[in-house]
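Chain by chain, the residues run as shown.
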Amino acid sequence: MGSTEHRKGELPLFETRRAEGCRILYRTFTASVFVGIVAVWAYRASHMPGPGEDGRLGWIGLLLAELWFGLYWLLTQALRWNRLHRSTFKDRLSQRYENELPKVDVFVCTANHEIEPPMMVINTVLSVMAYDYPPEKLAVYLSDDGGSIFTFYALLEASRFSQHWIPFCKKFNVEPRSPAAYFSSDSYDAIEDKELGSVKKLYEEMENRITTAVELGRIPENISSQHKGFSQWNSSSTRRDHDTILQILIDGRDPEAKDIEGCALPTLVYLAREKRPQHHHNFKAGSMNALIRVSSEISNGQVILNVDCDMYSNNSGSVRDVLCFFMDEDKGHEIAYVQFPQNFENVTKNDVYGSSFVVINEVEFQGLDGYGGPLYIGTGCFHRRDTLCGREFSKGNRIQWKKENVKDIKESADELEARVTSLASCAYEHNTQWGKTIGLRYGCPVEDVITGLSILFAGWKSVYYNPTRKAFLGVAPTSLDQMLLQHKRWSEGDFQIFLSRFSPAWYGLGRISPGLQMAYCTYFLWAPNCLATTLYSVVPSLYLLRAISLFPQVSSPWFLPFAYVITAKYGYSLAEFLWSGGTVLGWWNEQRVWLYKRTTSYLFAFVDTILGLLGFSETSFVVTNKVSSPDVSLRYEKELMEFGTSFPMFTVLATLAMINLVSLVWVAKRAVTDAGVRLFETVALQMVLCGVLVAINVPLYSALFFRQDNGKIPSSIAAKSVLLAVFACTCSILFWSLQSVVGIRFVIDREECFSHKVEYEGDTIHFSFVVIKSEGSWHYAPDGVDLVVKGPSGDQIHDFRDKTSEKSEFMARQKGVHHFCFTNKSPYHETIDFDVHEAHFSYYDQHAKDEHINPLLEQISKLEEALYNIQFEQHWLEAQTESQAIVNEGMSKRVLHKALWESAALIGASVLQVYLLRRLFERKLGTSRV
């Protein structure tokens, strides 16, 4: 489906094709998976254990997790149902508008020269200065938020080197146009010209001067005296406290600004906006807004490209590709920005940290494009200036690209710098709409995403363009901690947007399509995924310690929905990954990174976001380190995961991995030594899940126990993770111990018998009883009862006579039903509290005694036995206490009754005595009168 019906019969500048493929087949497949998900939900709801039954809490947790996974999976389908492919026609653009092309401003942002080396920064700058575009219509701005004199010096050197590099690139049609990338590739071997050698020598000399200055920590005096810009730095200048520094290093208006071939050079500007400790600088968003204001007075390009300092241009024709969208006569007026994918040059073959985003780039962003709203991801994005400045969409209002868009300024570069400097001051934005409705939005770690979203809410559309030759290549994190930290910032910012008033879930109603709402929520709900994933990766493993099943047995029909959903979901995921250009091992690494992100980055992001809403934390912005040591880089190239720092998230990862390992070893040992096939059938899915989690954590176990290089997990983290894992397993055992020891209370008339089936020969049988009370009217002290314990063959094991309480144990000589028979010889009914429990500890078995059994598991077994004994003792004492309390209460009542009867008798006797004395007195009185 292309852009058709153009005015005046003109052919479109770009073409749009819907990714038809097997849409009907895919939607049928999606419907079948959803039916399976509903069946899983139905199983959970209909088979939930009752109150007090084993596994109820875990069952409820898995039900909630599966509800979340199912609903989230539905959201992800919005990214796959309406995918688009785009292609451009740059030849048509040149034919129509070559002499009327708009001005383009390029913003390159850096923040810290220590983690973003100046050489890397200027390679990005040189690559965009060499675009295949009229240089007089191109301006490049470097925003140095760290205010580093070394970055300024590097840019000054780059401005001089560009006089040789730009004509060289255009003469030989060089790709890529980053000098470092080009000279390290095989492309330059094809050029047999002495000019190549001279340009490479100039680059190496420049690199040596810059590197030397950085290593010395100062700019040599002979260099600092060559340009007035160095005077802007003084001894009090710091990264967080300095004046605005604005230097126009190449003035594109100056007719003398020529390269060695006599051609014009692009404008090149250095900006370090004012920073003060008492002013919040709004991170990258504040930097971009300062650039928007400053550039509007210098070049005022109608199109703005922003790139991170590590994302060099890999395709010199990208600007013309973008203008095919913006200047298309039929659809161009609707488009606010064009987003290119984020690709990296240093990704290993199997992408050990999942940094290539192959599925996001090749599938999901095409799905966003189908709804007219790809994300603005903060780099590799071309904007219309007016949309960044808050202009709302209007169908009848079309931009006039042919109009000259810069003022006729007669002032010199020095005068221009002096006039424009105030636009980058700390106080400029006070009481203005900057950061609210103008420029990039403030208050969120992902200022780019919320800015793009606000543009879409204003009625605009965006375009995703993924050409065959990648437009930009950057530097992916080479260590696990940096990757996790990066995703923590992204997921935290996205979740903040979801919870804000600008959430696409509610603010987007009526403003963007429902499909786009669902698609955006896929990313904005990254952080809450931590809850379901962490629960699903821990709870089933912990329940394995007691062989409590949380899934249907293999022989059950309910096993099929689980098996189908799991197979279909991950089978399609693998196929999609391979189709997108990945490898099988790369997909496996992606699953590991997916697990690690959800249980650490997203978990920390979720907690920080909630704490922020409650006012307990503040938003922060952490710049990803672009520098790694040689040994870290070497391990990265070998695809060895880097754990060599005391990073808090590593403690979480190692603890979860150890819980899964202990659980799997424990249940596997039981399956081999005890239950065998029966146990496997009962907890098959749990064992498979735990086994997959253990397999996916193999690199982590290697870093914990086997690796000796600096990339291993530090001993402090290893010790903490093992202790925390043991603590978690112990708490689980304690919880189930308290739940599993249940007393039986019954009333006996003459004789009562109970049976208990012993599963394993050699098990220890614990039992206890207490005669709680007797039901005789005046019988408060209970009489004893007899208890006879018999084995399966009728042999007598124990015989207790006239006992009011007893606690004992025995080792079963054979498995089978054991009988416990009570006899009451009292004429009154007796209430008895009776406990029996079978303790099975596999380390008693002969197979469990060999030296290969993990000592840790044996200690857990012993601890479990001790907990059972404590529980039995506690229950027995409680029953005795209750019995004594009943006796005491009965005796108290008896004493009271006796006292009342005695008092009544005494009163009666006293009354009778008074009556008799009175009669006697009256009789004597009568006799004396006679």
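Because the structure is a prediction, the values reported are computed rather than measured.

Colleague: Can you help me understand the side chain of His766 in this one?
Modeller: Structurally, His766 is set in strand β16 (residues 764-774). A polar contact of 3.4 Å, which involves the side chain of His766, links it to the side chain of Glu809.

Colleague: Sorry, what's going on with unusual backbone geometry here?
Modeller: Note on backbone geometry: most residues besides glycine have negative phi, and most peptide bonds are trans. Across the junction of Glu175 and Pro176, the peptide omega takes the value -5°, indicating a cis bond. Structurally, the position occupied by Pro176 is in the loop between α5 (149-172) and α6 (179-183). A positive phi is found at Phe283, a non-glycine position, where the angle reads about 55°. Mapped onto the elements of the fold, Phe283 is located in helix α9 (residues 283-298). At Asp351, a residue that is not glycine, the phi angle is positive and equals roughly 45°. Of note, Asp351 is situated in the loop between β10 (343-344) and α11 (358-370). Residue Asp351 is classed as buried on the basis of its relative accessible area of 5%.

Colleague: Sorry if this is basic, but what is going on with the pattern of salt bridges here?
Modeller: Where side chains of opposite charge bring their charged atoms close, a pairing between them can arise. If you walk through the whole model with that rule in mind, you get 37 salt bridges. Here Glu66 ties to Arg44 by a salt bridge, and the two come within 2.7 Å at their closest N and O atoms. Of this pair, Glu66 sits in helix α2 (residues 56-77) while Arg44 sits in helix α1 (residues 23-46); the two residues are 22 residues apart in sequence, bridging distant segments of the chain. Residue class for Arg44 comes out buried when judged on its relative accessible area of 0%. We note a salt bridge from Lys825 to Asp802, for which the minimum N-O separation is 2.9 Å. Here Lys825, found in the loop between β20 (816-823) and β21 (830-839), pairs with Asp802, found in strand β18 (residues 796-803); they are 23 residues apart in sequence, far enough to count as distant. Given a relative accessible area of 49%, Asp802 falls into the partly exposed group. Beyond isolated ion pairs, a larger network of salt bridges with shared partners links Asp786, Asp799, Arg801, Asp802 and Lys825.

Colleague: Looking at this structure, I do not really get the state of the cysteines. What am I missing?
Modeller: Structurally, a disulfide amounts to a covalent bond that connects the sulfur atoms of two cysteines. The full count for this structure, using the stated rule, is one disulfide. Note that Cys753 is cross-linked by a disulfide to Cys821, the S-S spacing being 2.2 Å. Here Cys753 and Cys821 share a disulfide; its torsion about the S-S bond, 115°, makes the bridge right-handed. Residue Cys753 is located in strand β15 (residues 751-758), and its partner Cys821 is located in strand β20; the two are separated by 68 residues in the primary sequence. With no disulfide of its own, Cys729 lies closest to Cys731 among cysteine sulfurs, the gap being 9.4 Å. Residue Cys729 is classed as buried on the basis of its relative accessible area, which comes to 1%. You can call Cys731 partly exposed: its relative accessible area is 34%.

Colleague: Explain the sheet that holds strand β8 (residues 312-313) here, please?
Modeller: With mixed pairing, three strands are arranged side by side in an open sheet as β8-β13-β10. With partners counted over all chains shown, the strands left at the sheet margins are β8 and β10, one partner each. In terms of strand pairing, β10 meets strand β13 (residues 472-474) through two bridges, oriented parallel. By the bridge assignment for β13, Phe344 is matched with Gly474.

Colleague: What exactly am I supposed to notice about helix α24 (residues 698-706) here?
Modeller: Note on helix geometry: an α-helix contains 3.6 residues per turn, so any two residues three or four positions apart are oriented the same way. Residues Leu700, Tyr701, Ala703 and Leu704 constitute the buried set of α24. Angular distribution of buried residues about the axis of α24 spans 160°; they occupy a single face of the element.

Colleague: Even after reading the chapter, I still don't get the packing of aromatic side chains, so can you show me in this structure?
Modeller: Two aromatic rings, taken as a pair, are described by how far apart their centres are and by the angle between their planes. Taken as a whole, this structure holds 57 aromatic pairs when the rule is applied. Judged by centre distance (5.8 Å) and plane angle (70°), the rings of Phe340 and Tyr465 are edge-to-face. In this pair, Phe340 sits in the loop between β9 (335-339) and β10 while Tyr465 sits in the loop between β12 (461-464) and β13, placing the two residues 125 residues apart along the sequence. In this structure Tyr465 comes out as buried when scored by relative accessible area, which is 7%. Judged by centre distance (5.9 Å) and plane angle (80°), the ring pair of Phe340 and Phe472 falls under edge-to-face. In this pair, Phe340 is assigned in the loop between β9 and β10 and Phe472 in strand β13, connecting sequence segments 132 residues apart. For Phe472, a relative accessible area of 1% puts it in the buried group. A network of ring pairs unites the aromatic residues Phe754, Phe767, Phe769, Phe800, Phe810, Phe820, Phe822 and Phe834 as a single cluster.

Cut-offs and rules
- Residues numbered from 1 in each chain as written.
- Predicted model: local features only at pLDDT ≥ 70, side-chain atom pairs only at ≥ 80, totals over all residues.
- Heavy atoms only, no water.
- Helix = DSSP H or I, 4+ residues; strand = E, 2+ residues; numbered from the N terminus.
- Polar contact = N/O pair within 3.5 Å; in protein donor to acceptor, adjacent residues only side chain to side chain.
- Buried < 20%, exposed > 50% of the residue type's maximum accessible area, 1.4 Å probe, protein only.
- Salt bridge = Lys/Arg side-chain N within 4 Å of Asp/Glu carboxyl O.
- Disulfide = S-S within 2.5 Å.
- Pairing = 2+ DSSP bridges.
- Arc of directions from axis to C-beta.
- Phe/Tyr/Trp six-rings, centres within 6.5 Å; stacked < 30°, edge-to-face > 60°.

So far we have only geometry, and geometry alone does not tell us how the molecule works.
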